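Now for the letters of each chain:
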Amino acid sequence: MRRLVRPSLLLVLLLCLLLAAGLVWRVCSPISLNGARVEFTIGAGSSMRLAAHEIAAAGARIEPWLLIGLARVLRVESSIKAGSYELVRGSTMLDLLRKLTRGDVTQAELLIVEGWTFRQVRERLNAHPDLQHDTASLAESELLARLGVSEAAAEGLFFPDTYLFAKRSSDLDLLARAYRAMQAHLAREWQTRAAGLPYRDAYQALIMASIVEKETGRADERPLIAGVFVNRLRQGMLLQTDPTVIYGLGEAFDGNLRKRDLLADTPYNTYTRRGLPPTPIALPGLASLRAALHPATGEALYFVARGDGSSYFSRTLDEHEAAVDRYQKRSKP
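Every value quoted in this text rests on a predicted model; they were computed, and no experiment measured them. (Residues numbered from 1 in each chain as written. Predicted model: local features only at pLDDT ≥ 70, side-chain atom pairs only at ≥ 80, totals over all residues. Heavy atoms only, no water.)

J.: Residue-level account of the side chain of arginine 232, with values.
T.: Here arginine 232 shows up in helix H9 (residues 222-234). The side chain of arginine 232 is buried and forms no salt bridge, while glutamate 215, the nearest opposite charge, is found at 9.4 Å. Setting aside chain neighbours within four positions, we find arginine 232 in contact with Met237, Leu238, Leu239, Gln240, Leu301 and Tyr302. (Helix = DSSP H or I, 4+ residues; strand = E, 2+ residues; numbered from the N terminus. Buried < 20%, exposed > 50% of the residue type's maximum accessible area, 1.4 Å probe, protein only. Lys, Arg positive; Asp, Glu negative; His and termini not counted. Salt bridge = Lys/Arg side-chain N within 4 Å of Asp/Glu carboxyl O. Contact = heavy atoms within 4.5 Å.)

This is the structure in structure tokens:
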């Protein structure tokens, strides 16, 4: 019997070693994919078993039981993280587990442009294929309530920047990041603001920054333009800035600002109403925030476009009218 048992044990041991070697080889070999890459999403709260079957269904040729067993052996079965992932050719099961436990999710990006209105931001969010559109059906007031925002209007509250996010992230989360970024930049600039500015609070500075943003694309002129508007506010003059009128017209604006538009009173018509409009008119960038809170010093009260992208600044109405005649009236056919 002993002579029979010993060879049997050796055979079983050999088979076990061969099986273990096969499993190690399988675990360390590149996973076969149905294409150059396979994308899959692991939902929040998913188990390792559910995740393994999701990965296999997406086109990764794995044995779910093997991935589950490997996760148990490595004691990471409960450490996988939700998100969107991508597998490329050459990835092994060990690589896959590392991705799942590290949360090495694939990222998409969205650019929010300086000078956009909140309507344009929502259009871009709704059109982005990699976002989960949780805000698409929300009224603006409900959206602000979801974000915990105290302001009554969303305009100007979100910082323009390029935002990276995990695919299938909520657009509400992205807006929350943009809101926090704007609040941080505004608070920092407000703390270091120039003395004697005619703003009641940081929100009024945000309104001014949005006007500066729409008035010029030249970084060197933003403090000068902010200085003109600050001087006009101090003297109780009308701001008389076209971008606020255009914003007040909304969808009625056809691209051509007419005299009747300047005379039509709206809360945003700075030709008919003194002071700042009730809300920002666009998303200001950091340069415009800084210009609004650190305007150029000087006595200029007017400016006019030269036609080359720059502006001519004047202290008196006579000088301004002469500049208008020089740079605008004579350039018209």
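From this point, the discussion proceeds with the structure in view.
J.: Could you give me a rundown of the packing of aromatic side chains, with the residues and numbers involved?
T.: Following the criterion strictly, the structure yields seven aromatic pairs and no others. Among the aromatic residues, ring-to-ring pairing joins Phe118, Phe158 and Tyr179 into one connected group. Between arginine 193 and the ring centre of tryptophan 190, over which it is positioned, the NZ or CZ distance is 3.8 Å. The ring of tyrosine 312 has arginine 326 lying over it, and the distance from NZ or CZ to the ring centre is 5.5 Å. (Phe/Tyr/Trp six-rings, centres within 6.5 Å; stacked < 30°, edge-to-face > 60°. Lys NZ or Arg CZ within 6 Å of the ring centre and 35° of its normal.)

J.: Describe the packing of helix H5 (residues 118-127) against helix H7 (residues 171-191), and please don't skip the residues or the numbers.
T.: Relative orientation of the contacting elements H5 and H7 amounts to 140°, with a least axis distance of 11 Å. Relative to H7, the crossing made by H5 is right-handed. Contact residues: H5 offers Phe118, Val121 and Leu125, while H7 offers Asp171, Leu174 and Leu175. For the contact of H5 with H7, a count of residues per class yields five nonpolar, no polar and one charged. (Axes fitted to C-alpha atoms, helices over the stretch in contact; angles between N-to-C directions. Left-handed = near helix turned anticlockwise from the far one by under 90°. Nonpolar A, V, L, I, M, F, W, Y, C, P; charged D, E, K, R; others polar.)

J.: Any details on the packing of H7 against helix H12 (residues 286-293)? Residues and values, ideally.
T.: Packing of H7 against H12 leaves a shortest axis separation of 10 Å and a crossing angle of 30°. Viewed along their axes, H7 and H12 adopt a mutual orientation that is roughly parallel. As for the relative orientation of H7 and H12, their crossing is right-handed in sense. Within the contact between the two elements, H7 uses Met182, His185, Leu186, Glu189 and Trp190 and H12 uses Leu286, Leu289, Arg290 and Leu293. (Parallel < 35°, antiparallel > 145°, perpendicular 65-115°, else oblique.)

J.: So, the nonpolar core: which residues are in play, and what are the values?
T.: Side chains of a nonpolar character, in soluble globular proteins, are inclined to be buried together. In this structure, Ile112, Phe158, Tyr199 and Met208 are the most contacted members of the largest nonpolar core, which totals 56 residues. Looking at this core, the elements with two or more residues in it are strand E5 (107-111), H5, helix H6 (140-147), strand E7 (162-166), H7, helix H8 (202-215), H9 and H12. Counting residues per element, this core draws most heavily on H7, which supplies nine residues. Not counting residues within four places of it along the chain, the set of residues in contact with tyrosine 199 comprises Trp190, Gln204, Ala205, Met208, Val230, Leu233, Leu276, Ala292 and Leu293. Membership of the second largest hydrophobic core comes to 24 residues, among which are Leu33, Ile42, Ile62 and Leu70. (Core = buried A, V, L, I, M, F, W, Y, C linked by side-chain atoms within 4.5 Å.)

J.: An account of the pattern of salt bridges is needed here, citing residue identities and associated values.
T.: A side chain of one charge can pair with a side chain of the opposite charge if their charged atoms are brought near each other. Taken as a whole, this structure holds 14 salt bridges when the rule is applied. A salt bridge links glutamate 39 to lysine 167; the nearest nitrogen and oxygen atoms lie 3.3 Å apart. One end of the pair, glutamate 39, is in strand E2 (residues 37-42); the other, lysine 167, is in the loop between E7 and strand E8 (169-170), and 128 residues separate them in sequence. A residue is classified by how much of its surface remains accessible, and glutamate 39, at 44% relative accessible area, is partly exposed. With its nearest N and O atoms 3.6 Å apart, the salt bridge here joins aspartate 104 to lysine 99. Where salt bridges share partners, they join Arg218, Asp220 and Glu221 into one cluster.

J.: Pulling in residues and values, what's your account of helix H4 (residues 93-102)?
T.: Of the positions making up H4, those classed as buried are Met93, Leu96, Leu97, Lys99, Leu100 and Thr101. Of the residues one or two after H4, glycine 103 is the one with positive phi, at around 75°.

J.: Please set out unusual backbone geometry residue by residue, giving values where relevant.
T.: Located in the positive-phi region is arginine 168, a residue other than glycine, with phi close to 75°. The residue arginine 168 is located in the loop between E7 and E8 in this model. Residue arginine 168 is classed as partly exposed on the basis of its relative accessible area of 40%. One non-glycine residue, glutamine 240, adopts positive backbone phi at about 50°. Inspection of the secondary structure puts glutamine 240 in the loop between H9 and helix H10 (242-249). According to the relative accessible area criterion, glutamine 240 is partly exposed, its value standing at 36%.

J.: Please set out H5 residue by residue, giving values where relevant.
T.: Taken as a whole, H5 has its buried residues at Phe118, Val121, Arg122 and Leu125. Angular distribution of buried residues about the axis of H5 spans 95°; they occupy a single face of the element. Those residues of H5 that are buried are in contact with E5, strand E6 (131-132), H6 and H7. (Arc of directions from axis to C-beta.)

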